[in-house]
Amino acid sequence: MKYIKILLWFFLVVFVLLVVVDIYKKITTEKGSGVSKRVECQTKSTTFEKIHNTNQIKIAQELMTSGNYILQSEIQKSVYAASKLFEYISKEDIDNITKTQIERISKIKIEKKDNLLISYYTRENDIKDPGKKSKKSKQYAGYLVYEFKLSDKTVYKIQTDFDDFQGKDIENRISCVITSFMSITE
């Protein structure tokens, strides 16, 4: 009888430990670093993404590929360090790259009642920002943030870093943004 009680306690302790470990894994996996590697191109640079509404993704994708989208963009220059990025690439260049990447996957243009709003900004990394203490935070040149919205509600949001201080890799990163958005399935 004594051995049975010890054995039962042993199994109870093991069971509780397994549950605690499982809960810990779920919590750390969900919060994690937030870095996305869902699509191969996302592994080439630090990329974060969030799918806000999977039910609306298909509609948003169809609106984009049929030419029913509006682009809204801005640039954010560094404040503490002298801005250099936008001497090499302009807001208009980034807009044209975005349009070209969308047209690459576009189908026949069909006029629809609704439009997809693609709101994005390009931010230059401010390497002299006093809040940036680590070497890693000063190594990338900037990042792009794209939000895909239907009726002013975000359907999908993605942020991806670019490394070239003249913006030479921005086209590849924008291509990855569009590829990432189009690869989402319900």
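Here the structure is a predicted model, which means the values were calculated and not measured. (Residues numbered from 1 in each chain as written. Predicted model: local features only at pLDDT ≥ 70, side-chain atom pairs only at ≥ 80, totals over all residues. Heavy atoms only, no water.)

Student: Give a description of the nonpolar core that names residues and reports values.
Tutor: Among the nonpolar cores identified, the biggest contains 29 residues, and Met-64, Ile-94, Leu-116, Ile-118, Tyr-146, Phe-148 and Phe-181 are the most heavily contacted of them. For this core, the elements supplying multiple residues, two or more each, are α2 (54–65), α3 (85–88), α4 (91–105), β3 (116–124), β4 (142–150), β5 (153–162) and α5 (170–182). Ranked by the residues each element gives to this core, the list is headed by α5, at five residues. Not counting residues up to four positions away in its chain, the partners in contact with Phe-181 are Ile-57, Ala-60, Gln-61, Met-64, Leu-116, Phe-148 and Tyr-156. (Core = buried A, V, L, I, M, F, W, Y, C linked by side-chain atoms within 4.5 Å. Buried < 20%, exposed > 50% of the residue type's maximum accessible area, 1.4 Å probe, protein only. Helix = DSSP H or I, 4+ residues; strand = E, 2+ residues; numbered from the N terminus. Contact = heavy atoms within 4.5 Å.)

Student: Account for unusual backbone geometry, with residues named and values stated.
Tutor: The residue Ser-151 is not glycine, and still its phi comes out positive at about 50°. Here Ser-151 lies in the loop between β4 and β5. Since its relative accessible area comes to 69%, Ser-151 is described here as exposed. Positive phi, normally seen in glycine, also occurs at Asp-152, with a value near 65°.

Student: Just give me the short version of the sheet that holds β5, but keep the residues and values in it.
Tutor: Taken in spatial order, the five strands line up as β1-β5-β4-β3-β2 in an open sheet, and their pairing is mixed. If you trace the sheet from one side to the other, it starts and ends with β1 (47–51) and β2 (69–76), each paired once. Geometrically, the sheet is characterised by an average inter-axis angle of 10° between neighbouring strands, direction not taken into account. As paired strands, β3 and β4 are joined by eight bridges and run antiparallel to one another. Bridged to Tyr-120 within β4 is Tyr-146. Against the sheet, α2 engages β1, β2, β3, β4 and β5, with an angle of about 100° to β4. Across the face of the sheet, α5 comes into contact with β1, β3, β4 and β5 while running at roughly 150° to β5. (Pairing = 2+ DSSP bridges. Axes fitted to C-alpha atoms, helices over the stretch in contact; angles between N-to-C directions.)

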